[in-house]
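# Chains, contacts and geometry: an overview
Here is how the chains run, residue by residue.
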Amino acid sequence: MVFRKEIQMFGLLFFFLFSVLRLGTHGIQGLSDDNYGSSTCNFPAVFNFGDSNSDTGGISAAFYPIGVPNGETFFGKPSGRACDGRLILDFMAEELGIAYLRAYLDSLGLSSFKTGANFATGGSSIRQPGFSPFHLDVQISQFRQFKARIIDIANSTQGEADLPKPEDFSKALYTFDIGQNDLSYTLQTTSETETRAAIPIILDLFSTAIQQLYSEGARVFWVHNTGPIGCLPSFSKNYKPGDLDKNGCVVRLNEIAQEFNRQLKSKLTQLKANLTGVAFTYVDAYTAKYTLINNAESQGFVDPLDFCCCNRKIVGTPYYGPCAHPEKHISWDATHYTEAANRWVSNYILNGSMSDPPIPISQACHA
């Protein structure tokens, strides 16, 4: 057991050293060859697009409230998040010094939209059909309506509304965490071969969404790749041991996610070449998440396939209610991460060590 822990610690140390070396080489082969500024960007607003990994209340406002025990760790009650506490997007807001992003669909929320809005909703995908009607094209349409109404309000009122200013849209940060459901839905409704074949089509739609935002004045983009879906207990529990790696993750599904990520990065490179004055940051959330899974024990977590809470029965699992110590679990409900895991991942992706170009989120405008 001691020897195993030493091996795990060595693996984690290697990851740290790799991250440092990665910082020194990304400027040569990355999305940008520009010199990186050292000053913060002071984004006046953040606009987020995505699925349940960054949904802060959209699906709850649109259809049904996400109930207990979600939110128990940090908010003390359900907060519209499929998590026991904060999401990566929440830690991102804290890092930037802005309020937690309010869901665009949550018209009864107490917080304002002054520092941005969140268009992400649980189950969303880039392509139709999917698990949710709020696919990316709908989210872009909602953003356009939001922006148009902001401009109209600014032109028709004398006082200062608790909303972004029209000029904030060109200075804002536009963040994305979407694509996981495209792979999940296609895998569940077709085959692995067809899922791979669909990736270019999905990413062409993503490219169109970016260009639509660009036409609306968006210039700074922070894009997360998709995580290791083969490591989600909701998937891995349904596969045989021969299909799994040493961590219990489905190898073939992770390979599909990696292929999606390779093509996503290539698509961002093409967009940067074709759009004037843009700053793209490609965030390797996959590597950060898999590193946590690979080093779960040495980082104080239990088996990454042991999830804390579940509101639906999954064959072969004994969990139907919340666990006593969610802070020791990576998976909250077999599909989403716990706050503890989100915090761990955030520590690596927000400081730039998992990004291309390798700059922290506070300096993303310099990419």
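Computed from a prediction, not measured in an experiment: that's the story for all the values here.

## Observations concerning the overall build of the protein
Scanning the protein from terminus to terminus reveals 10 helices and six strands. Residue burial in the protein is summarised as follows: out of 367 residues, 54% are buried. Once local pairs closer than 6 in sequence are excluded, the contacts in the protein between residues at least 24 apart make up 73%. Of the roughly 16,000 Å² of accessible surface on the protein, 54% is carried by carbon and sulfur atoms.

## Some remarks on the nonpolar core
Within soluble globular proteins, side chains that are nonpolar generally end up buried alongside one another. Counting 83 residues, the largest nonpolar core has Phe47, Phe49, Tyr174, Phe176, Phe206 and Phe221 as its most contacted members. The element that contributes the greatest number of residues to this core is helix α6 (residues 192-215), accounting for nine residues. Apart from the residues within four sequence positions on either side, Phe49 is in contact with Phe119, Ala120, Leu136, Gln139, Ile140, Phe143, Tyr174, Thr175, Phe176, Asp177 and Leu213.

## Looking at the environment of Ser184
Within the element layout of this structure, Ser184 appears in helix α5 (residues 180-189). For the pair formed by Ser184 and Ala257, sequence separation is 73 residues and the distance between their alpha carbons is 9.9 Å.

## A closer look at the pairing of strand β3 (residues 173-177)
Along β3, five of the five residues are buried, which leaves the element largely enclosed by surrounding structure. Neither face of β3 is open: one carries Leu173, Thr175 and Asp177, the other Tyr174 and Phe176, and all of them are buried. Bridge count for strand β1 (residues 46-50) against β3 is five bridges, and the pairing is parallel. By the bridge assignment, Asn48 is partnered in β3 with Thr175.

## Some details on the sheet that holds strand β6 (residues 355-356)
If you trace the six strands from one edge of the open sheet to the other, you get β2-β1-β3-β4-β5-β6, paired in mixed fashion. Looking at which strands have only one partner, the edges of the open sheet turn out to be β2 (116-118) and β6. Along the sheet, helix α4 (residues 136-156) makes contact with β1, β2 and β3, crossing β1 at roughly 155°.

## Some words on unusual backbone geometry
Note that the residue after Val68, namely Pro69, is joined by a cis bond; omega there is 5°. With respect to the helices and strands, Pro69 occurs in the loop between α2 (58-62) and α3 (88-96). For the bond running from Asp356 to Pro357, omega is 0°, close enough to zero to count as cis. For Pro357, the location among the structural elements is in the segment after β6. Positive phi, close to 50°, is recorded for Asn42, a residue that is not glycine. Residue placement: Asn42 occurs in the loop between α1 (2-29) and β1. For Ala334, which is not glycine, the phi dihedral falls at a positive 85°. Among the structural elements, Ala334 can be located in the loop between α9 (285-294) and α10 (339-349).

Cut-offs and rules
- Residues numbered from 1 in each chain as written.
- Predicted model: local features only at pLDDT ≥ 70, side-chain atom pairs only at ≥ 80, totals over all residues.
- Heavy atoms only, no water.
- Helix = DSSP H or I, 4+ residues; strand = E, 2+ residues; numbered from the N terminus.
- Buried < 20%, exposed > 50% of the residue type's maximum accessible area, 1.4 Å probe, protein only.
- Contact = heavy atoms within 4.5 Å.
- Areas by Shrake-Rupley, 256 points an atom, 1.4 Å probe, with all protein chains shown as cover.
- Core = buried A, V, L, I, M, F, W, Y, C linked by side-chain atoms within 4.5 Å.
- Pairing = 2+ DSSP bridges.
- Axes fitted to C-alpha atoms, helices over the stretch in contact; angles between N-to-C directions.

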